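Structure at a glance
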Amino acid sequence: MTPAQKRSYLWDYWRIPVLVVVVIAVASILLIRTIVTAKDTLFAVTMVDCGEENAFEPYAEQFAQEQGIPLDQMTFGNVVVGSASSQSGMALYVHLQSGTEDILVLPESVFMEYAVSGYFLDLTDAVPQEWQDKLVMADQRYDEYDDVQPEPMACGIHVRDIPGMPQTQYYQDAVIAISYNPGNYDTAVAFLNSLLKK
């Protein structure tokens, strides 16, 4: 067999297996690189049903810089929920349960849908004494297992009550809360208190 025939034979019969091996090798290298270089999120803020409203983001970024949190380890997201029973609302339930949300800013009606199920922390011990009377109270769902009606819980603060917040329609109706299972509890409490002390 001549060298040209050998090359032709290799190309005709082995090009697909070789290409598959090369693609798998490249994909494996990229996957390993992604896993090795991934950074944990140190602070997560989520705006719910805010449309184009993003005036809250500079507050989160300023706090992250003051705390020494690199911006690539902070997430600031916008989520469209509509209602807690919608498909995207169910996705937010999953995020709240998994601990990927720290701070949420959401319309009061949506806040109440999640708050009755206990998806936000009780802020009574997390905020300064002068803010206790401004906390948003939410009734809790009847506990059929223990046959008791839990006490209402103070688990949010109206954004309009926080000094220096934007005076848009969204913020007039919005409530800020801490997820009941925050991935970064201390950071979430520190952020909320930094807003209240401005």
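Preceding this paragraph is the structure being described.
Just so you know, these numbers come straight off a predicted model, no measurement behind them.

We now examine the environment of Asp-102. Along the polypeptide, Asp-102 turns up in the loop between α3 (87-98) and β3 (103-107). Separated by 78 residues in sequence, Asp-102 and Tyr-180 place their C-alpha atoms 8.5 Å apart. Filtering out sequence-adjacent residues up to four positions away, Asp-102 remains in contact with Leu-42, Phe-43, Ala-44, Ala-177, Ile-178, Ser-179, Pro-182, Gly-183, Asn-184 and Ala-188. In this structure the side chain of Asp-102 is engaged in a polar contact, spanning 3.0 Å, whose partner is the backbone nitrogen of Gly-183. Side-chain polar atoms of Asp-102 contact the side chain of Asn-184, separated by 3.0 Å.

With 12 residues, α3 should reach 16 Å at 1.5 Å per residue; the first-to-last C-alpha distance of 17 Å fits that figure. Among all positions in α3, only Gly-89, Leu-92, Tyr-93 and Leu-96 are buried. Projected down its long axis, α3 carries its buried residues within an arc of 105°, all on one side. Within α3, the exposed residues directed more than 90 degrees away from the buried face are Gln-87 and Val-94. Of the surrounding secondary structure, the elements contacted by the buried residues of α3 are β1 (43-48), β3 and α4 (108-115). Taken from the residues just after α3, Gly-99 is the one with a positive phi, measuring 85°.

In this section: the nonpolar core. Side chains that are nonpolar tend, in soluble globular proteins, to be buried together. In this structure, Phe-43, Phe-56, Ile-157, Ile-176 and Phe-191 are the most contacted members of the largest nonpolar core, which totals 36 residues. When contributions to this core are tallied by element, the ones reaching two or more residues are β1, α2 (57-66), β2 (74-79), β3, β5 (153-158), α5 (169-173), β6 (174-178) and α6 (185-196). At six residues, the largest contribution of residues to this core is made by α6. Aside from chain neighbours lying at most four places away, what touches Ile-157 is Leu-123, Val-127, Trp-131, Lys-134, Leu-135, Val-136, Ile-162, Ala-174, Val-175, Ile-176, Leu-192 and Leu-196.

Let us now look at the pairing of β6. Extensive coverage of β6 is indicated by the burial of five of its five residues. Relative to β6, β3 runs antiparallel, the two sharing five bridges. The partner of Ile-103 across the bridge, within β6, is Ile-178.

Most of β5 sits inside the fold, with six of its six residues counted as buried. Relative to β6, β5 runs antiparallel, the two sharing two bridges. Each residue of the ladder has a partner; that of His-158, found in β6, is Val-175.

Cut-offs and rules
Residues numbered from 1 in each chain as written. Predicted model: local features only at pLDDT ≥ 70, side-chain atom pairs only at ≥ 80, totals over all residues. Heavy atoms only, no water. Helix = DSSP H or I, 4+ residues; strand = E, 2+ residues; numbered from the N terminus. Contact = heavy atoms within 4.5 Å. Polar contact = N/O pair within 3.5 Å; in protein donor to acceptor, adjacent residues only side chain to side chain. Expected span 1.5 Å × (residues − 1). Buried < 20%, exposed > 50% of the residue type's maximum accessible area, 1.4 Å probe, protein only. Arc of directions from axis to C-beta. Core = buried A, V, L, I, M, F, W, Y, C linked by side-chain atoms within 4.5 Å. Pairing = 2+ DSSP bridges.

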